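Chains, contacts and geometry: an overview
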Amino acid sequence: MLKDLKLSHIVSGAVAVLVGYTGSVAIIFQAIEAVGATQPQANSWMLALGGGMGVTCLILSLMYRMPILTAWSTPGAALLAVSLNDVPLGEAVGAFLFSAVLLTLTGITGWFAALSRLIPDSLASAMLAGILFQFGLTAFTSLQTDTALVAVMGLTFLAGRKLFPRYTIPAVLAAGVAWCAGTGAFGSFNALDLTLARPEFVMPAFSLPVLIGVSLPLYIVTMSSQNMPGVVALKAAGYQPPVSASLTVTGLASLLLAPFGGFAFNLAAITAAICAGPEADENPETRYLAGVMTGLVYILVGLGGATVISLFLIAPKALVATVAGLALLATIGNSLSAALADSTGREAALITFMTTVSGVSFFGIGAPFWALVLGLAVNHLLTPPARTPTRAGKPA
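Residues numbered from 1 in each chain as written. Predicted model: local features only at pLDDT ≥ 70, side-chain atom pairs only at ≥ 80, totals over all residues. Heavy atoms only, no water.

1. Some thoughts on the overall build of the protein
Of regular secondary structure, the protein possesses 17 helices and two strands. Sequence separation of at least 24 residues holds for 84% of the intrachain contacts in the protein that already meet a minimum separation of 6. Counting every atom, the protein has about 17,300 Å² of accessible surface; 68% of that belongs to carbon and sulfur. (Helix = DSSP H or I, 4+ residues; strand = E, 2+ residues; numbered from the N terminus. Contact = heavy atoms within 4.5 Å. Areas by Shrake-Rupley, 256 points an atom, 1.4 Å probe, with all protein chains shown as cover.)

Okay, here's the thing in structure tokens:
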């Protein structure tokens, strides 16, 4: 395994963790504040979440030799931030446990894997392109807020694609960090929190209103807005992910770590796209090492508690946005190409793409789910059914 390890694996893993944390760690803090957790309990949440993601990434990537990345449920965290006000911490943990039981049963029964096979590849690719579109776009909108930094990173990207394509994204990251260090763009290092996280067990309690009002919505948004796009991301990269096994592993991790703050784990989509694309490795068979590196970095981040998180938060937003956007350009392009390749299903694919980009949400369920619903409906109405071949000598 070590002989196949490349610098691009390490950088892709680091970028995936950087994007994963800076993109939604503020939402996690809001959920922690909503439930009234103490500072040690808050640190325990970050330890459980980082460690849980790291261990599940390692297990799945090594076992199946695919870049299978996991993540905390970001829409789930947003749901918790608005649903846990005045809910005792013990009852919140009880809700996490019940949701974890549902996630685990979903993996064991295998029904979600069967459902995912019913989604046409063109619609899956369109949904993935829509999910990643905003991340790609921020690399360009950041030009207005931090023109010099983004310009330096953009020029490095172009030079890298021309001169050293295998190391383009590492070079972009290095150029961005060097520019920020030279111009003093990093925030004050006095803001670093050097507290080490320790696990803090919270005894679960169960309340029927909380189970109905928190557990079920948490399960639904995690499945529809996280696991479904996660499967799509891997399929779009040419992999056939072990869906049921992956959901079982992430469900069990949620079950074990819920009392410590690990409220929900699921398949990753955006960070998976970073590690499953050609920027991570030209050889699809060894890209799983990017998933392994991601897992190791997640574990280190979890063990470091708030220290590494606060380090991420003092970095300019444009640095993270530009690295993520440029790293995902190839995946966005490939996904759009695959989605629109077949003219017979182009309208359905476009509607799926645009619905995903719109960010619409109904009943607490995010745009990717509704994009697939609309796309499947349009595909069924407008795409003619496949004709059954006739035997020779008989009229069609």
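That was the structure; now back to the text.
2. Examining the packing of helix 7 (residues 147–163) against helix 14 (residues 317–327)
Helix packing for two helices is described by the angle between their axes and how far apart those axes are. It is at 10 Å that the axes of helix 7 and helix 14 come closest, and there the two elements cross at 25°. In this view, helix 7 runs roughly parallel relative to helix 14, as classed from their interaxial angle. Relative to helix 14, helix 7 is oriented so that their crossing is right-handed. Between helix 7 and helix 14, the contacting residues are Leu149, Val150, Met153 and Phe157 on the first element and Ala318, Leu319, Thr322, Val323 and Leu326 on the second. Each residue belonging to the contact of helix 7 with helix 14 can be placed in one class, and the counts come to eight nonpolar, one polar and no charged. (Axes fitted to C-alpha atoms, helices over the stretch in contact; angles between N-to-C directions. Parallel < 35°, antiparallel > 145°, perpendicular 65-115°, else oblique. Left-handed = near helix turned anticlockwise from the far one by under 90°. Nonpolar A, V, L, I, M, F, W, Y, C, P; charged D, E, K, R; others polar.)

3. Things to note about helix 2 (residues 39–64)
Counting along an α-helix, one turn takes 3.6 residues, and residues three or four places apart therefore face a common direction. Over its 26 residues, helix 2 extends 38 Å from the first C-alpha to the last, a length consistent with the 38 Å expected when each residue adds 1.5 Å. Among the residues trailing helix 2, Arg65 stands out with phi positive, at a value near 55°. (Expected span 1.5 Å × (residues − 1).)

4. A few points about the packing of aromatic side chains
Enumeration according to the criterion identifies five aromatic pairs in this entry. For the pair Phe133 and Phe353, a centre-to-centre distance of 5.7 Å together with 85° between the ring planes defines the contact as edge-to-face. Taken together, the positions of Phe133 in helix 6 (residues 121–145) and Phe353 in helix 16 (residues 346–358) put the pair 220 residues apart, joining distant regions of the chain. Taking the relative accessible area as the measure of exposure, Phe353 reaches 14% and is therefore buried. (Phe/Tyr/Trp six-rings, centres within 6.5 Å; stacked < 30°, edge-to-face > 60°. Buried < 20%, exposed > 50% of the residue type's maximum accessible area, 1.4 Å probe, protein only.)

5. Quick notes on helix 6
Compared with the 36 Å implied by 1.5 Å per residue over 25 residues, the 37 Å span of helix 6 between its first and last C-alpha is a close match. At Phe133, helix 6 is bent by approximately 35°, the largest bend along its length. (Bend = angle between axes of the 7 residues up to and from the residue.)

6. Notes on the nonpolar core
Most often, soluble globular proteins have nonpolar side chains that are buried together. In terms of nonpolar packing, the biggest core is built from 59 residues, with Val15, Val19, Phe112, Leu132, Leu319, Val323 and Leu328 touching the most fellow members. Sorting elements by how many residues they give to this core places helix 6 first, with eight residues. Those residues in contact with Leu319, other than ones at most four positions away along the chain, are Leu149, Met153, Gly176, Val177, Cys180 and Phe186. Among the nonpolar cores identified, the runner-up in size contains 48 residues, and Ala34, Val35, Phe96 and Val202 belong to it. (Core = buried A, V, L, I, M, F, W, Y, C linked by side-chain atoms within 4.5 Å.)

7. Focus: the environment of Leu89
Tracing the backbone through its elements, the reader meets Leu89 in helix 4 (residues 89–109). Sequence separation between Leu89 and Ile32 is 57 residues; the distance between their C-alpha atoms is 9.5 Å. With residues up to four places along the chain from it excluded, the contact list for Leu89 reads Val35, Gln41, Trp45 and Val202.

8. Let's talk about the pattern of salt bridges
One pass over the structure, following the stated rule, counts one salt bridge. Of the charged contacts in the structure, one is a salt bridge between Asp281 and Lys6, with a shortest N-O distance of 2.7 Å. Placement of the pair is Asp281 in the loop between helix 11 (270–276) and helix 12 (288–304) and Lys6 in the segment before helix 1 (7–35), with a sequence separation of 275 residues. The class of Lys6 is partly exposed, set by a relative accessible area of 24%. (Salt bridge = Lys/Arg side-chain N within 4 Å of Asp/Glu carboxyl O.)

Spatial relationships are all this shows, so hold off on functional conclusions.
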